[in-house]
Amino acid sequence: MVLVALSEAVATSNCNLTTLWVNNNGITETGLCALAAALRSNITLTNVYIWGNELKNTACNAFEKLMEGSSPRVLQHNTDVVPYVVDGITYLAETGHYLFSH
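As a convention, each chain's residues are numbered from 1 in the sequence order in which they are written. Totals for whole chains, interfaces and linings use every residue, but because this is a predicted model, local features are given only for residues with pLDDT of at least 70 and side-chain atom pairs only at 80 or more, for both listing and counting. Each side-chain value is worked out from all heavy atoms of the structure, with water and hydrogens disregarded.

Asker: With reference to specific residues and values, describe the overall build of the protein chain.
Answerer: Helix numbering and strand numbering both begin at the N terminus, where a helix is a DSSP run of H or I of at least 4 residues and a strand a DSSP run of E of at least 2. Counting its regular elements, the protein chain contains 4 helices and 4 strands. Ordered by position from N to C terminus, the α and β elements of the protein chain give α-β-α-β-α-β-β-α. With C-alpha atoms as the basis for the radius of gyration, the globule rule is written as 2.2 Å multiplied by the number of residues raised to the power 0.38. Taking 102 residues into account, the globule formula puts the C-alpha radius of gyration at 13 Å, and the protein chain, at 13 Å, falls close to it. C-alpha atoms of the protein chain, sized along the principal axes, occupy 40 × 30 × 25 Å. Classification of residues uses two cut-offs on accessible area relative to the type maximum, computed with a 1.4 Å probe and protein chains only: under 20% is buried, over 50% is exposed, and between them is partly exposed. Residues classed as buried in the protein chain amount to 39% of the 102 residues present. Contacts are assigned to residue pairs that have any heavy atoms within 4.5 Å of one another. Intrachain contacts of the protein chain at a sequence separation of at least 6 include 67% that bridge at least 24 residues. Computed by Shrake-Rupley with a 1.4 Å probe, the accessible areas treat only the displayed protein chains as cover when residues are assessed. In the structure as shown, the protein chain presents an accessible area of about 5600 Å², 56% of it carried by carbon and sulfur atoms.

Shown next, in the form of structure tokens:
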């Protein structure tokens, strides 16, 4: 529930956080969905790293929505996951490119 509280802070207009590393922290699907919702309203947080947490269906769908379309909210080179779909189900795979860019 810590990430839910953090997500509420991130969603405020006076949050100037640009990068959030929360990978491998045991964050639940609920926390990740709260973070995805906060990212929709916070335009300064551009880099988010979530691999190694509870990446279940709802969280995968939420982050896929942030990364899709012609103007994605989260750019693929600013995160450590990439969505893919198998049999209509969205999953997130780890990308390694972030290790070399930071």
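Back to the write-up after that little detour.
Asker: Now, about the pairing of strand 3 (residues 81-86): what can you tell me, with residues and values included?
Answerer: Here, a strand pair is defined by DSSP locating no fewer than two bridges between the strands. When strand 3 meets strand 4 (residues 89-94), the two strands line up antiparallel, connected through 6 bridges. Of the residues in strand 4, the one forming a bridge with valine 81 is glutamate 94. Taking the residues between adjacent antiparallel strands as the criterion, strand 3 and strand 4 are bridged by 2 residues, where aspartate 87 takes a positive phi near 50 degrees.

Asker: Lay out helix 3 (residues 57-67) with the relevant residues and their values.
Answerer: Of the positions making up helix 3, those classed as buried are Ala59, Cys60, Ala62, Phe63, Glu64, Leu66 and Met67. Close packing links the buried residues of helix 3 with helix 2 (29-41), strand 2 (47-49), strand 3 and strand 4.

Asker: Explain the nonpolar core residue by residue, including any values.
Answerer: Membership of the largest hydrophobic core comes to 23 residues, with the highest contact counts inside it found for Leu32, Leu35, Leu39, Val48, Ile50 and Phe63. Counting residues per element, the ones that place at least two in this core are helix 1 (2-10), helix 2 and helix 3. Per-element accounting of this core gives the leading share, 6 residues, to helix 3. Once residues lying within four places of it in the same chain are set aside, the contact partners of valine 48 are Leu20, Leu35, Leu39, Phe63, Val74, Asn78, Thr79 and Asp80. Among the buried residues, those of types Ala, Val, Leu, Ile, Met, Phe, Trp, Tyr and Cys that are joined through side-chain atoms within 4.5 Å form a nonpolar core.

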